[in-house]
Amino acid sequence: MAINKSTAPVLFSDLQLSARTLKGLNECNYRDLTEIQRRTINYALQGRDIVAAAKTGSGKTLALVPIIEHLYNEKWEKDHGLRALVIAPSRELAQQIYDVIGRVAKYHDVSIGLIIGGKDLRREKKNIDRCNILIGTPGRILHHMDQTFIFNCDNTKYLVLDEADRCLDMGFKQQMDSIIKNLPAERQTLLFSATQTKSVQDLARLSLKNNAMYVNAHEHATYATPDGLQQLYMICNLGDKLSLLWSFLRTHQKHKIVVFLTTCNQVTFVHKAFQQMKPSLNLSLLALHGHLHQDKRSKTCAEFGRKQHAVMFATDAASRGLDFSNVTWIVQMDCPEDVATYIHRVGRSARRNNGGESLLVLLPSEIKMIEKLQSNNIPIKQSKSLGLSETPRIRAVKRKEKKEAKIEKSKNEDGESSDKDVNKIDINHKNEISTFHDEDDESDDCITIKRKNVQIDDNEDSEPENNYVSKKVVTKAAAAKKTLRKNIIPNKKINFDEEGQEIIDSAKSKVSNLGREYENEETSGINIKVAREILKEEDKVDKLRYQQKIREKHREEKMKRKALKKGQKDEEDNDNDNADGSYDSGEENSESESLNQLISDLPDPDKIYGKIENTSDEESDDDDEGVIHRYLQGFLILLILFII
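This report concerns the structure included in the present document. Just so you know, these numbers come straight off a predicted model, no measurement behind them. (Residues numbered from 1 in each chain as written. Predicted model: local features only at pLDDT ≥ 70, side-chain atom pairs only at ≥ 80, totals over all residues. Heavy atoms only, no water.)

### Re the pairing of strand β4 (residues 133-136)
Two faces make up the sheet, and in a regular strand the side chains alternate between them.
No. 1: On β4, burial covers both faces: I133 and I135 on one face and L134 and G136 on the other are all buried.
No. 2: Sheet topology note: the strand β2 (residues 84-87)/β4 ladder contains 4 bridges and is parallel. Each bridged residue has a counterpart across the sheet, and for V86 the counterpart in β4 is I135.
No. 3: Sheet topology note: the strand β3 (residues 112-115)/β4 ladder contains 4 bridges and is parallel. Residue pairing in the sheet places I112 in a bridge with I133 of β4.
No. 4: In the classification by handedness, the crossover that spans β3, the intervening helix α5 (residues 121-127) and the parallel β4 is right-handed. (Buried < 20%, exposed > 50% of the residue type's maximum accessible area, 1.4 Å probe, protein only. Helix = DSSP H or I, 4+ residues; strand = E, 2+ residues; numbered from the N terminus. Pairing = 2+ DSSP bridges. Right-handed = clockwise from strand over helix to strand, strands pointing away.)

### Things to note about the sheet that holds strand β1 (residues 50-53)
No. 1: In spatial order, the strands read β3-β4-β2-β5-β6-β1-β7; together these 7 strands make up an open sheet with parallel pairing. A single partner strand is all that each edge strand has here, and the edge strands are β3 and β7 (213-216). The average undirected angle you get between the axes of adjacent strands in this sheet is 15°.
No. 2: Of the strands in this sheet, β2, β3, β4 and β5 (158-162) touch helix α4 (residues 91-104), which is tilted by about 170° from β3.
No. 3: Of the strands in this sheet, β2, β3 and β4 touch helix α6 (residues 138-147), which is tilted by about 140° from β2. (Axes fitted to C-alpha atoms, helices over the stretch in contact; angles between N-to-C directions. Contact = heavy atoms within 4.5 Å.)

### Notes on a positive patch on the surface
No. 1: Among the surface-exposed residues, K403, K481, K482, R485 and K486 lie close enough to one another that they form a single positively charged patch.
No. 2: Ranked by residue count, the leading element in the positive patch is helix α17 (residues 476-485), at 3 residues.
No. 3: Relative to the helices and strands, K403 resides in helix α15 (residues 395-440).
No. 4: On the basis of relative accessibility, which here comes to 58%, the residue K403 falls in the exposed class. (Patch = residues over 30% accessible without salt bridge, like charges linked within 9 Å, V, L, I, M, F, W, Y side chains within 5 Å. Areas by Shrake-Rupley, 256 points an atom, 1.4 Å probe, with all protein chains shown as cover. Salt bridge = Lys/Arg side-chain N within 4 Å of Asp/Glu carboxyl O. Lys, Arg positive; Asp, Glu negative; His and termini not counted. Charge placed at Lys NZ, Arg CZ, Asp CG, Glu CD.)

### Observations concerning unusual backbone geometry
No. 1: Backbone geometry at N29 places phi at a positive 65°, although glycine is not the residue there.
No. 2: Relative to the elements of secondary structure, N29 occurs in the loop between α1 (19-27) and α2 (35-45).

### Some remarks on helix α3 (residues 65-73)
No. 1: Within α3, 7 of the 9 residues are buried, leaving the element largely enclosed by the surrounding structure.
No. 2: Taken as a whole, α3 has its buried residues at V65, P66, I67, I68, E69, H70 and L71.
No. 3: K75 sits one or two residues past α3 and shows a positive phi near 55°.

Following this line, the structure appears as structure tokens:
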């Protein structure tokens, strides 16, 4: 539908908006209407369904202002539940819409909620029934519809799809179909995108009304991309891509650049590799991809938005809808999937009628993509200058190259020396053959062979030996590697007994023969069957060792008991001996006294037997012995009688 330009609104104040909405717009410095806003807001205020397409950076997010006005006019309050549902294909875009709508609706009494992956699910479940405008991604919204019982969509009247073609494609088809089934049929639907879907089936799924408005804000534009965007492409071999990117960043250090790569692993690798390269870049290097935690992704987007000079390596997660200020270069290191992906990627630059540049790097086999782009009104030209001002230096790569060159040089030297040895052997062999023929043919006058001595000059032997030894510092890492190559186990302590046998610590190594053989095997992995047998053998050895310990313990206790008993017995014997000695001395004294008394009472034998004279010395000795013998006999008789 054509609009009369003379009567078309130019400012937000020309629209029928409330004072609260205009106040929020003025504080955000939103005063002039863009083409897409001018052609859609009035019809959205009238309650009509809208399918709108506009170039990137044309202000499609502010076309959601009619949703705020509808809730204000209906006097919808926080306790009334969900009234409007806004769906975006990516978390970052949903966050951006939430921030913009929150600032514009600052003075309205409405609650706005954000539900995206990576956030606190319990908190969302707790507060989801208090939201009047809910913004989220398809997966998270469907998750709450299925599992949050307080999430009620019966009163939902407004449905907004930002980047509608992406929301309705095969990636979100099942999720979007399930969400639409849970919404009331009577509702107002708004679709916005830079590459709007024209599929009848997609539009039929949304149940659009008959009076729906189809708006293409730039249908008469010459190009599908922003006018201020200069677009270049370059043909490059796969092995030269990183060098090209490095040189490009080295020569554009005063710019704000977004580098698009295909996969998350590529983004991670390039980001970490460029951080290690020397000389380092005077730029902040950031990474954004789907494998990062949501908090990290949000911080990266906020940091890149604040900085004036930075580089962000990103996947297509950052290709749709994100508004980064003053992005001067868009570099696509991989061929985009289709024309729509290319348009959304380059749309991160040249926003709000500003200037920008883009570079597409293609392989020789991807040149057909240029024809597709040019056929879709995209002005792209070839840049023949690669701009390789210098090659990056990576320490690990340089060390590897030096090592490979040294190995190749040593191989070449070994090959040359082996060839020289073979030549020497051949020459000697020829000399032996010639001498053999000379000796056999000495007697033959007909055949004579003239031998010529060959002088072999060994240039290598004649050269003076170079005895210079390079004083190379041996590092700890090199010493450790040398030790490992010699199969020496470091920090290993071996104890020996008095007989010279190794003392094995069962807590640190295997004791059984089977266990030792298994440890000495140079095999990778674990053999379960062998491990079970080793455990059984080790259990047997442990049981034997335990039994031996118990026996030794019992033996020690037995020896202690014996020693204790023996000590006690010796003490008792000593006590008895002391007691017996004192008793015997008393008895001996009494016996000696009684014996002296008895002897004194005995009659004199000389009186009874008479005195015998000794005639000689021998006889006198015999008599003395006899007297003593008789005295002893008498003493013994008296002692026996006393005891009895």
